[in-house]
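If you want the building blocks of each chain, they are given just below.
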Amino acid sequence: GGRAVSGSVDGTVRVWDVATGEQLVKCEGHGNWVMGVCVTPNGSLAASCGRDGTVRLWTLSGREVRKIQHTGEVTCVALTPDGGRVLSGQGKQVIVWDCNSGSNIKTLSKHTGAVRQVAVNMGGDKAASG
C-alpha cells in the first residue's frame, strides 16, 4: 500500500497508510513547527524542515538518519530522487546539502524575497524555487 508523510505544528513528522488512514510512524525531533516534508520516489528517505532551524532526514520506519542545522527558520525542503542531495529554503536562499555527510554543497542567493517552495525534477539535475 501507499504511504504519505505529513508534518505538524507539534513538531512531529508522521507516516500514514494511504489505504487505511492509519498512522504507521510518529517521528519526533523538531523543536517547533514542521514547515515542509518530502519523500524520495522509492520511499527510502524522507526529509522535513522547520521553524527550529533544522532539516532532518528520516527512514519511513521513523529513524532519524541526519540533522542539518541552519542559522534560522527553514521554510521548504526537497530531495533529489536518488536521495543524495537535499535542498532547503532559508530566507532568500536555497541551500544544497549532501545527505550522506550533511555538508553544504552550494548556496544560491539570487532571490529578492523569501523562498517558500523548492522542487527537484525526476532527473535530479534541475531545481525550481520561489
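Placed above this text is the structure.
Parameters and conventions
- Residues numbered from 1 in each chain as written.
- Predicted model: local features only at pLDDT ≥ 70, side-chain atom pairs only at ≥ 80, totals over all residues.
- Heavy atoms only, no water.
- Pairing = 2+ DSSP bridges.
- Helix = DSSP H or I, 4+ residues; strand = E, 2+ residues; numbered from the N terminus.
- Axes fitted to C-alpha atoms, helices over the stretch in contact; angles between N-to-C directions.
- Patch = residues over 30% accessible without salt bridge, like charges linked within 9 Å, V, L, I, M, F, W, Y side chains within 5 Å.
- Areas by Shrake-Rupley, 256 points an atom, 1.4 Å probe, with all protein chains shown as cover.
- Salt bridge = Lys/Arg side-chain N within 4 Å of Asp/Glu carboxyl O.

A. Examining the sheet that holds strand β10 (residues 93-98) more closely. With antiparallel pairing, the four strands of this open sheet are ordered in space as β8-β9-β10-β11. The open sheet terminates on both sides in strands that have one partner only, identified here as β8 (76-79) and β11 (104-108). Neighbour-to-neighbour, the strand axes of this sheet turn through a mean angle of 15 degrees, independent of strand direction. Alignment of strand β9 (residues 85-90) against β10, held across six bridges, turns out to be antiparallel. Within β10, the residue paired with Leu87 across the bridge is Val96.

B. Highlighting a nonpolar patch on the surface. Among the surface-exposed residues, Val9, Trp33 and Met35 lie close enough to one another that they form a single nonpolar patch of about 270 Å² accessible area. Relative to the helices and strands, Val9 resides in the loop between β1 (3-7) and β2 (12-17).

C. Just the sheet that holds strand β3 (residues 23-28), in detail. If you walk across this open sheet you meet the three strands as β1-β2-β3, and the pairing is antiparallel. Whereas interior strands pair on both sides, the edge strands pair on one side only; in this sheet they are β1 and β3. This sheet shows a mean twist of 15 degrees between the axes of neighbouring strands, independent of strand direction. Bridging between β1 and β2 involves five bridges; their strand directions are antiparallel. Within β2, the residue paired with Ala4 across the bridge is Trp16.

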